[in-house]
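Observations on chain architecture
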Amino acid sequence: MFRSFFQNPKWFLWAYIGSVLILGVTWYKVQLDVQINEWFGSFYDIVQKSLSEPGSITFPEYMAEMMTFFRIAGIYIVIAVILDFFIKHFIFRWRTAMNNYYMSHWQVVRHIEGASQRVQEDTMRFARIMEGLGVSFMRSIMTLIAFLPLLWTLSENVTELPWIGAVSHSLVYVAILSAASGTVLLAAVGFKLPGLEFQNQKVEAAYRKELVYGEDNEERADPPSVAELFGNVRKNYFRLYFHYLYFDVARWSYLQATVLVPYIALGPTIISGAITLGVMQQIVRAFGRVESSFQYLVNAWTTIVELISVYKRLRAFEGHIWEFEKNGGEPVEMAAE
């Protein structure tokens, strides 16, 4: 899954130059997000001043603030669209490298149950999931690098925390504790899901294989066999649905509760009038960025579960290839794109 792309000289430009380009542009997107956060502070201060002192802000000054946002947002949109387009090509080259590697050993693995599915569907799913998880992980790390110092500085405006009192740079600690509690909670309630997803792929593969045999052999895919195999599929899905039921209850309850966390933490500060509306908006947005970055595992847990199941299938698939190579087997070369 990895060495076919990152250790193959044929894919050097895509694997390494492409990765550096993605990292650089992603960092630039985060910096634009920081600029938007700063804009919210100045904009809401203008709104507060205009509402408290009618006539103090002119309409051209108000629209000038709007145009500042349009300029930053316009650049962000262009960069985001181009980056997503490039990432899709990057990921498909990765899938191509995996496909070429597996097909060069097809004579070794063709008899493994679900071999065609693993080469075609699992590589596609692996590439698609890595696109989503990989990009979101990079964005989370870079967002932390950019917004954590900002939240650290903004937290100096917070006078005290409810029920606790004054704590230096308190909102940083609140964000960390909030995200950590959610991560522990979902890891505890969702620990069975990876195994069930893996089992789900196995029963689906067995059912699909029998149907494929039935296309060419009228003695295969008879009603009793198909009923039994589909019964296994149904049983596993129903188990999966049950475990996702209480997992989703915990997940959505946590995510909805965290919406109020920064406002509760800012309660004494807001009531005392120690900050302006613009500063409050800056703090809330910076807190949200930091907290969501720390919540990477929470937000991506269901996708990670799917990735684990795909990884297990491809890992077992590659085990046969490694044994073949250890015994002196020679792969069949395939041309890269």
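As the structure is a prediction and not an experimental result, all values here were calculated from the model.

About the cut-offs
- Residues numbered from 1 in each chain as written.
- Predicted model: local features only at pLDDT ≥ 70, side-chain atom pairs only at ≥ 80, totals over all residues.
- Heavy atoms only, no water.
- Patch = residues over 30% accessible without salt bridge, like charges linked within 9 Å, V, L, I, M, F, W, Y side chains within 5 Å.
- Areas by Shrake-Rupley, 256 points an atom, 1.4 Å probe, with all protein chains shown as cover.
- Salt bridge = Lys/Arg side-chain N within 4 Å of Asp/Glu carboxyl O.
- Helix = DSSP H or I, 4+ residues; strand = E, 2+ residues; numbered from the N terminus.
- Phe/Tyr/Trp six-rings, centres within 6.5 Å; stacked < 30°, edge-to-face > 60°.
- Buried < 20%, exposed > 50% of the residue type's maximum accessible area, 1.4 Å probe, protein only.
- UniProt positions renumbered as here; feature names shortened; annotations may be inferred.
- Axes fitted to C-alpha atoms, helices over the stretch in contact; angles between N-to-C directions.
- Left-handed = near helix turned anticlockwise from the far one by under 90°.
- Contact = heavy atoms within 4.5 Å.
- Nonpolar A, V, L, I, M, F, W, Y, C, P; charged D, E, K, R; others polar.
- pLDDT = per-residue confidence, 0-100.
- Parallel < 35°, antiparallel > 145°, perpendicular 65-115°, else oblique.
- Polar contact = N/O pair within 3.5 Å; in protein donor to acceptor, adjacent residues only side chain to side chain.

On the surface, a cluster of nonpolar side chains totalling about 720 Å² of accessible area is made up of Trp 163, Ile 164, Val 259, Leu 260, Tyr 263 and Ile 264. Tracing the backbone through its elements, the reader meets Ile 264 in helix H9 (residues 261–265).

Scanning all chains against the criterion turns up 21 aromatic pairs. Plain terms: the ring middles of Phe 5 and Trp 94 are 5.7 Å apart, the flat faces sit at 10° to each other, and that makes the pair stacked. Here Phe 5 is found in helix H1 (residues 3–6), whereas its partner Trp 94 is found in helix H3 (residues 59–103), with 89 residues between them in sequence. Accessibility expressed as a relative area gives 0% for Phe 5, which makes it buried. Look at Phe 12 and Tyr 16: their rings are 5.5 Å apart centre to centre, the planes differ by 35°, and that puts the pair in the tilted class. Separated by four residues within a single helix, Phe 12 and Tyr 16 lie in helix H2 (residues 12–52), roughly one turn from each other. Judged by relative accessible area, which is 45%, Phe 12 ranks as partly exposed. Looking at Tyr 16, the relative accessible area reads 38%, which means it is partly exposed. An aromatic cluster of at least three residues, connected via ring pairs, comprises Phe 5, Phe 6, Trp 11, Phe 12, Tyr 16, Phe 90, Trp 94 and Phe 126.

A word on the UniProt feature "transmembrane region" (unreviewed entry) in the chain. Residues annotated in UniProt with the feature "transmembrane region" (unreviewed entry) correspond here to residues 12–30, 69–87, 133–152, 172–191 and 260–280. The straight-line gap between the two end C-alpha atoms of residues 12–30 is 27 Å; of that span, 100% is helix and 0% is strand. End-to-end, the C-alpha atoms of residues 172–191 are 28 Å apart, and along that stretch the chain is 90% helix and 0% strand.

At their nearest, the axes of helix H6 (residues 170–189) and helix H11 (residues 277–294) sit 9 Å apart, and the two run at 35° to each other. Note on packing geometry: the crossing formed by H6 with H11 is right-handed. Contacts between H6 and H11 pair Leu 171, Val 174, Ala 175, Ile 176, Ser 178, Ala 179 and Thr 183 from the former with Ile 283, Phe 287, Val 290, Glu 291 and Phe 294 from the latter. Here the contact of H6 with H11 is composed, by residue class, of nine nonpolar, two polar and one charged.

A few words now on the confidence of the model for the chain. Averaged over all residues, the pLDDT of the chain equals 80, while 94% of them reach at least 70. Model confidence for the chain, summarised as mean pLDDT per element, is weakest for helix H4 (residues 106–109) at 73 and strongest for H3 at 87. Segment residues 331–337: pLDDT under 50, and 14 contacts once partners within four positions in sequence are set aside and those in other chains are kept.

Turning our attention to the packing of helix H7 (residues 193–216) against helix H8 (residues 223–258). Packed helix pairs are characterised by how far apart their axes lie and by the angle those axes make with each other. At a minimum axis distance of 9 Å, the contact between H7 and H8 shows a crossing angle of 160°. On the basis of the axis angle, H7 is roughly antiparallel to H8. Of the two possible hands of crossing, H7 and H8 adopt the one that is left-handed. Side by side, H7 and H8 meet where Leu 193, Leu 196, Glu 197, Gln 199, Asn 200, Val 203, Glu 204, Ala 206, Tyr 207, Glu 210 and Leu 211 of the first sit next to Val 226, Leu 229, Phe 230, Asn 232, Val 233, Asn 236, Tyr 237, Arg 239, Leu 240, His 243, Tyr 244 and Phe 247 of the second.

Within the element layout of this structure, Ser 140 appears in helix H5 (residues 115–154). Overall, the relative accessible area of 12% leaves Ser 140 in the buried class. There is a polar contact of 2.9 Å between the side chain of Ser 140 and the backbone oxygen of Ser 136. Apart from the residues lying within four places of it in its own chain, the contact partners of Ser 140 are Ser 293 and Tyr 296.

Two side chains of opposite charge can pair, provided their charged atoms sit close to one another. Counted according to the given criterion, the structure contains one salt bridge. For Arg 285, the salt bridge goes to Asp 33, with nearest N and O atoms at 3.9 Å. With a gap of 252 residues between them, Arg 285 in helix H11 and Asp 33 in helix H2 connect regions that are remote in the sequence. With respect to class, Arg 285 is no different from Asp 33; both count as buried.

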